[in-house]
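Now for the letters of each chain:
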Amino acid sequence: MTESPFVTHRSLLFTVAYEMLGSAADAEDVVQESWLRWADVDPSQVRDPRAYLVRIVTRQALNRLRSLSRSREEYVGEWLPEPLLTSPDVADDVELAESVSIAMLTVLETLGPTERAVFVLREVFDIPYGEIAEAVGKSAATVRQVARRAREHVAARQPRVRVSRSEQQAVVERFLAAVRTGRLQELVEVMAPDVVLIADGGGLAAAALAPVHGAEPVAKVLARANQAGAAALETTAVWLNGAPAGRIEIGGELATALSVVVENGRITRIYLVRNPRKLTRLDEPSDLAR
């Protein structure tokens, strides 16, 4: 028996939905809804199952994204994407790893729903404009204009410097060691002077409600967190969203997922996800595909 097209492309469909929504839980819901719609289709009448399924997922994700917009506006503090545990292999596909990075997903949050869908489908998955037009309900000419605007928007906001996997790992390990000790000078030395820390507690865990700017203020925030649970604080290097990152446990309980942007050997951005509802997918690697 040949495998169902839905099963064949499930990892791709989840990745499309996740990049559009920034939430694994919502992406799973969208994939499930798409499966129900696919179950009502006669596969023999579908010329290109992959394109058809991507179209279904895109429409469902757009509906979900529009319904989520109000709740995200009312979110307590900063909103960050839900991190995913990934295997190191994801980093081998540089474009995929960059597209699912916490930094990129945070930038994508600044796009409107249609812009985000068009950008993801075109720039990440290289879907033809005609197919994107069908998925988002726009003309191909309009989709081309939307894609151009979205590219310019993202290019103006995304980190421009790529570092090697080994350099990112080395900096992350230094940073985690400094977080473990809570020594201000060690923390300052591993960060750029204009570093920015963004934390997401969602009103459910202690977290800065606004971004923190500057190496010394950020170091003090991290040092205070260390002092709060110093005796039982543990840090572990892991792969999150296709890049070296970290997890912080206090008293054996997962408390924080940590992702960073590295430029010129120092950390320029720190993303701390502390909302416990967003820390549920960090035990088993997620399957991502293009």
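Cut-offs applied
- Residue positions within a chain follow its written sequence, with the count starting from 1.
- pLDDT decides what is reported in this predicted model: residues at 70 or higher carry local features, side-chain atom pairs at 80 or more are listed and counted, and totals for whole chains, interfaces and linings draw on all residues regardless.
- Only hydrogens and water are removed before side-chain values are computed, so all heavy atoms of the structure are retained for them.
- Working definition: helices are DSSP H or I runs of at least four residues, strands are E runs of at least two. Numbering for both runs from the N terminus.
- Our radius of gyration is a C-alpha quantity, and the globule rule it is checked against amounts to 2.2 Å times the number of residues to the power 0.38.
- Classification of residues uses two cut-offs on accessible area relative to the type maximum, computed with a 1.4 Å probe and protein chains only: under 20% is buried, over 50% is exposed, and between them is partly exposed.
- It only takes one pair of heavy atoms within 4.5 Å for two residues to be counted as in contact.
- For the accessible areas, the method is Shrake-Rupley and the probe is 1.4 Å, while residue cover comes only from the protein chains on display.
- DSSP calls a pair of strands paired once it identifies at least 2 bridges connecting them.

Another point: the overall build of the protein. Within the protein, the secondary structure is distributed over twelve helices and six strands. Compactness check: the protein gives a C-alpha radius of gyration of 20 Å against a globular reference of 19 Å for 290 residues, within 12% of the reference. Dimensions of the protein along its principal axes, counting C-alpha atoms only, are 65 × 40 × 40 Å. Residues classed as buried in the protein amount to 50% of the 290 residues present. Pairs at least 24 residues apart make up 69% of the contacts formed inside the protein by residues separated by at least 6 positions. Summing over all exposed atoms, the protein offers an accessible surface of approximately 13,700 Å²; the carbon and sulfur share of this is 48%.

Right, let's get into the pairing of strand 3 (residues 233-240). When strand 3 meets strand 4 (residues 243-250), the two strands line up antiparallel, connected through eight bridges. Residue pairing for strand 4: Thr235 is matched across the bridge by Ile248.

This paragraph deals with the sheet that holds strand 4. For sheets, the rule is that strands pair by backbone hydrogen bonds, running either parallel or antiparallel. On the basis of which strands lie adjacent, the open sheet formed by six strands has the order 2-1-6-5-4-3 and mixed pairing. Each edge of the open sheet is held by one strand with a lone partner, namely strand 2 (212-213) and strand 3.

A word on the pairing of strand 4. Remember that side chains alternate between the two faces of the sheet whenever the strand is regular. Of all eight residues that make up strand 4, six are buried, and the element is covered over most of its length. The turn joining strand 3 and strand 4, which pair antiparallel and follow one another in sequence, is formed by two residues; a positive phi near 50° is taken by Asn241. What sits between the antiparallel neighbours strand 4 and strand 5 (residues 253-263) is a turn of two residues, in which Gly251 has the positive phi angle 65°.

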